[in-house]
Amino acid sequence: MSRRTRRATAAVVTTLLVASVAACSSTGGRKAVEDAERARSAGKASTPTMTIALVTHSGPGDTFWDIVRKGAQDAAAKDNVRLQYTADPDGAKQANLVQQAIDKKVDGIALTLAKPDAMQGVVKKSIAAKIPVVALNGGLDRWKAMGVTSYFGQDEKIAGQQAGDRMLKEGAKHPVCVIHEQGNVGLNDRCAGVKQKIPATQLLYVDGKSPASMQTAITSKLQQDKAIDYVLTLGGPIALVAVQSKSSAASKAKVVTFDTSQDLINAIKGGTVEWAVDQQPYLQGYLAIDQLWLLKTNGNTVGGGQAVLTGPAFIDKSNVAAVEKFAASGRR
């Protein structure tokens, strides 16, 4: 390095140091800046600890929500957030969980609006209490009208249409769409989207809380109607049940699904499930918590008043290997 270059470099470093000292005068001096820089380099925020509640409509044992929760936990760890996670598939009970979070005076609430009518009252109460709310996964058509700050998820109608288009191109004529939770607007929209593309699509309602009951119902449907050529489920665990039903009914129908898990990835690799519609649940949980942290610490919102879409995309044998390595960590 030449003498002139060394002088120039020293001047730049000196300028940066002076700027850093000046910038920290209102935030506690050089030590505060150095502490913040160390926190950033370590991948964790140095902002004061805040508490955020994540309240979903998950039922017991639904692996999809394990991935959502993992995303939320990772964002919370980065943002120095104390995460409180609760869930209930019943709309009224989910609303009660949100009310409990309000009573605890949490700093922010992330929630799902799969049953928006049941949630509208507590969302209004949260906003009145000056607790910001973001939504994820369910409630695309209602979140803005309810005063929610941001939404993270996929357009379920479009996702259903894309699934219908794909089945149609693959030769489907008589699919059945399995709905495992009545009253869930997102699940209804998925099947409605498929039906727009393939009008002969049938709907089958099953009890998503009971794998045995689901298997019996799907098996019976396949035995009764041999014309069914595709079974579309709306969750990874339900797809695995449908695979068992297909075998029991000696059906030739193809099994396809929405959403993934490690077991579902293995099923695609093994050929028992043809493909899955991926909405990136990890991203939904992560972005919801990160948005609340950004809003509280820097007044930021994302999306420009529009939903932030995390899907849909398809996972099949052509790209499953790329997803598999991430699924092993519980994040896809």
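One can find the structure itself at the top, above this paragraph.
Conventions and cut-offs
Residues numbered from 1 in each chain as written. Predicted model: local features only at pLDDT ≥ 70, side-chain atom pairs only at ≥ 80, totals over all residues. Heavy atoms only, no water. Pairing = 2+ DSSP bridges. Helix = DSSP H or I, 4+ residues; strand = E, 2+ residues; numbered from the N terminus. Contact = heavy atoms within 4.5 Å. Axes fitted to C-alpha atoms, helices over the stretch in contact; angles between N-to-C directions. Core = buried A, V, L, I, M, F, W, Y, C linked by side-chain atoms within 4.5 Å. Buried < 20%, exposed > 50% of the residue type's maximum accessible area, 1.4 Å probe, protein only. Lys, Arg positive; Asp, Glu negative; His and termini not counted. Salt bridge = Lys/Arg side-chain N within 4 Å of Asp/Glu carboxyl O. Disulfide = S-S within 2.5 Å. Right-handed = clockwise from strand over helix to strand, strands pointing away.

(A) Here's a closer look at the sheet that holds strand β1 (residues 50-56). With parallel pairing, six strands are arranged side by side in an open sheet as β2-β1-β3-β4-β5-β11. In this open sheet, the two strands that pair with only one neighbour each are β2 (81-87) and β11 (308-309). Inspection of the sheet shows β1 paired to strand β3 (residues 108-111) by four bridges, in the parallel sense. Bridged to L54 within β3 is A110. Along the sheet, helix α3 (residues 63-79) makes contact with β1, β2 and β4 (133-136), crossing β2 at roughly 160 degrees.

(B) The nonpolar core, seen in detail. Membership of the largest hydrophobic core comes to 27 residues, with the highest contact counts inside it found for V178, I218, L222, V231, I268 and V273. Residue contributions to this core peak at five residues, all from helix α9 (residues 236-248). Sequence-distant contacts of L222, that is, excluding residues within four places in its chain, are made with I228, V231, S245, K246, A249, S251 and A253. The next biggest cluster of nonpolar side chains, apart from the first, holds 23 residues, and it includes M50, L136, A288 and W293.

(C) Expanded view of the side chain of K221. In this structure, K221 sits in helix α8 (residues 211-224). D225 is the oppositely charged side chain nearest to the buried, salt-bridge-free K221, at an N-O distance of 5.0 Å. When near neighbours in sequence (up to four residues on either side) are disregarded, K221 contacts Q202, L204 and I228.

(D) Structural view of the state of the cysteines. This model, assessed by the stated rule, comprises one disulfide. A sulfur-sulfur distance of 2.0 Å marks the disulfide that ties C177 to C191. Linking C177 and C191, the disulfide has an S-S dihedral of approximately -75 degrees and is accordingly described as left-handed. Here C191 lies in helix α7 (residues 185-197) and C177 lies in strand β6 (residues 175-179), a separation of 14 residues in the sequence. Pair check on accessibility: C177 and C191 agree, each one buried.

(E) Here's a closer look at the side chain of Q94. Mapped onto the elements, Q94 comes out in helix α4 (residues 91-103). Each residue touching Q94, except ones within four places of it in the same chain, is listed here: V55, T56, H57, D88, T112 and M119.

(F) Focus on the pairing of strand β7 (residues 202-205). Relative to β7, β6 runs parallel, the two sharing four bridges. Bridged to V178 within β7 is L204. Following the backbone out of β6, through α7 and into the adjacent parallel β7, one traces a crossover that is right-handed.

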